[in-house]
Amino acid sequence: MFKVFYCVLARDITLAMRRRTDVLTTLFFFIIVVSLFPLGVGSEREQLRMLGPGVVWVAALLASMLALERLFAADYEDGTLEQLLLTGQPLAVLVLAKVVAHWLLTGLPLVLIAPLVAMQYHLSANAVWVMMAALAIGTPVLSLIGAIGAALTLGLRGGGILLSLLILPLYVPVLVYGAGAVAVSAIDIADTEPYLYLLSAFLLGASLLAPLAAAAALRISLE
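Residues numbered from 1 in each chain as written. Predicted model: local features only at pLDDT ≥ 70, side-chain atom pairs only at ≥ 80, totals over all residues. Heavy atoms only, no water.

**Notes on the UniProt feature "transmembrane region" (unreviewed entry) in the chain**
Alright, step 1. Residues given the UniProt feature "transmembrane region" (unreviewed entry) here are residues 21-42, 54-72, 93-117, 129-154, 161-183 and 195-218.
Alright, step 2. In residues 93-117, helix accounts for 100% and strand for 0%; the two terminal C-alpha atoms are 34 Å from one another.
Alright, step 3. Structurally, residues 195-218 is divided into 100% helix and 0% strand, and its ends, taken at the C-alpha atoms, are 32 Å apart. (UniProt positions renumbered as here; feature names shortened; annotations may be inferred. Helix = DSSP H or I, 4+ residues; strand = E, 2+ residues; numbered from the N terminus.)

**Focus on the layout of surface pockets**
Alright, step 1. In this structure, the largest pocket spans a volume of roughly 370 Å³.
Alright, step 2. For the largest pocket, the lining is made up of 19 residues, of which Ala-16, Arg-19, Arg-70, Leu-71 and Leu-105 are closest to its centre.
Alright, step 3. Those elements that provide at least two residues to the lining of the largest pocket are helix 1 (2-18), helix 2 (20-41), helix 4 (73-77) and helix 6 (91-120).
Alright, step 4. Sorting elements by how many residues they give to the lining of the largest pocket places helix 6 first, with five residues.
Alright, step 5. Split into classes, the residues belonging to the lining of the largest pocket amount to 10 nonpolar, two polar and seven charged. (1 Å grid on protein atoms, 1.4 Å probe; cavity = no way out; pocket = protein on both sides within 12 Å on 5 of 7 lines; lining within 4 Å. Points joined across faces, edges and corners; volume = space filled by probe spheres on them. Nonpolar A, V, L, I, M, F, W, Y, C, P; charged D, E, K, R; others polar.)

**A few points about the packing of helix 7 (residues 125-152) against helix 9 (residues 193-222)**
Alright, step 1. Following both chains from N to C, one finds helix 7 and helix 9 inclined at 20°, their axes separated by 8 Å at the closest point. By the criterion of interaxial angle, the relationship of helix 7 to helix 9 is roughly parallel. Here helix 7 runs over helix 9; the crossing is left-handed.
Alright, step 2. Its residues assigned to classes, the contact of helix 7 with helix 9 shows 20 nonpolar, three polar and no charged. (Axes fitted to C-alpha atoms, helices over the stretch in contact; angles between N-to-C directions. Parallel < 35°, antiparallel > 145°, perpendicular 65-115°, else oblique. Left-handed = near helix turned anticlockwise from the far one by under 90°.)

**Here's the deal with the nonpolar core**
Alright, step 1. Judged by nonpolar contacts, the single largest core of 66 residues is most densely connected at Phe-30, Trp-57, Phe-72, Val-95, Leu-135, Tyr-171 and Leu-218.
Alright, step 2. For this core, the secondary structure elements donating two or more residues are helix 1, helix 2, helix 3 (45-66), helix 5 (80-85), helix 6, helix 7, helix 8 (159-185) and helix 9.
Alright, step 3. Looking at which element gives the most residues to this core, the answer is helix 7, with 15 residues.
Alright, step 4. Those residues in contact with Tyr-171 that sit more than four places away from it in its chain are Leu-61, Met-65, Leu-68, Leu-142, Ile-145 and Gly-146. (Core = buried A, V, L, I, M, F, W, Y, C linked by side-chain atoms within 4.5 Å. Buried < 20%, exposed > 50% of the residue type's maximum accessible area, 1.4 Å probe, protein only. Contact = heavy atoms within 4.5 Å.)

This is the structure:
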């Protein structure tokens, strides 16, 4: 099972590296969205510090959604997805491998670039560390939830719009607690622990349930 997980993970990462524009598009979109807000609202430090956490999380959420529609689409079009169903391996494990690959390519770069983004909003050192921690915990949840929507809309015309309508309401708790953790860190970093614990609970629950739900949705889409 672990060998199959690793094979699917390595395959998806290798294919993504051959189409680097898809990976870079997500990263550049995040940078552009985050950089436009200071230009639009002005350069007042306190205002930027107040807006920064929410802007960064909304940008990360939208950037994560850019690549969701392609999560299963390429394998569906060339028949690879049907072959994976016939391998006899648990489909949930294969889905989890693809979600991990999606996060490594779209979520992890956002976590690593967060300190540079924070400089535009004059965030403190504590807020930067909390932002990186919250993004590291929260962005995998976005990928896991998004996998369910991507599986449900697989092969549908206009699936991208339907995908957004399905998963955006489910993203709200992650957005609220992720941005809240960064905002609270400006007051007292100890107060961020409940937010991070809740994000960790979301991650644990999504890791256990989302692959099973996405696997069931894929079977329905392929019937």
